[in-house]
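Per-entry structural report
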Amino acid sequence: MSELKTDKNFERWLECMARGILVGGSLGAIAGWFFMDIQRALLLGMLIGCLAGVTMKNVKDSKDSDSKLK
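None of the values given here were measured: they were computed from a predicted structure. (Residues numbered from 1 in each chain as written. Predicted model: local features only at pLDDT ≥ 70, side-chain atom pairs only at ≥ 80, totals over all residues. Heavy atoms only, no water.)

Re the UniProt feature "transmembrane region" (unreviewed entry) in the protein
The cut-off we apply is this: UniProt positions are given in the numbering used here, feature names are shortened, and annotations may be inferred rather than shown by experiment. Put simply, DSSP H or I for four residues or longer makes a helix, DSSP E for two residues or longer makes a strand, and each gets a number counted from the N terminus.
In the UniProt entry, the feature "transmembrane region" (unreviewed entry) is given for residues 12-35. Strand forms 0% of residues 12-35 and helix 96%; the C-alpha atoms that close the span are 33 Å apart.

Structure, rendered in structure tokens:
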């Protein structure tokens, strides 16, 4: 049972980080076209996307724990 929970947790981390990096990198590339050097904008966008992915995972985890309590 714990192996299934570990796999689900890893899967959730992977999903949230991938989404965050892709969305952040996309927004960074768009910002690079207009405001700054594209490599720097892409890197910063991906970095911020990692932080957004961690936040997204925490929000999903808190929603799951709230639904289990009800």
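Observations concerning the pattern of salt bridges
What counts, and what does not: The working definition used for a salt bridge is a side-chain nitrogen of Lys or Arg within 4 Å of a carboxyl oxygen of Asp or Glu. A simple rule labels every residue: compare its accessible area, found with a 1.4 Å probe on the protein chains alone, to the largest value its type can have, and call it buried under 20%, exposed over 50%, or partly exposed in between.
For the structure on display, the rule yields five salt bridges. Notably, a salt bridge pairs D64 with R12, separated by 2.6 Å at the nearest N-O pair. Of this pair, D64 sits in helix α2 (residues 38-69) while R12 sits in helix α1 (residues 2-34), and the two are 52 residues apart along the sequence. Owing to a relative accessible area of 17%, R12 belongs among the buried residues under this scheme. A salt bridge links E15 to K60, with the nearest nitrogen and oxygen atoms 3.3 Å apart. On the criterion of sequence distance, the pair formed by E15 in helix α1 and K60 in helix α2 is long-range, its members being 45 residues apart. A cluster of three or more residues bridged by salt bridges with shared partners is formed by R12, K57, D61 and D64.

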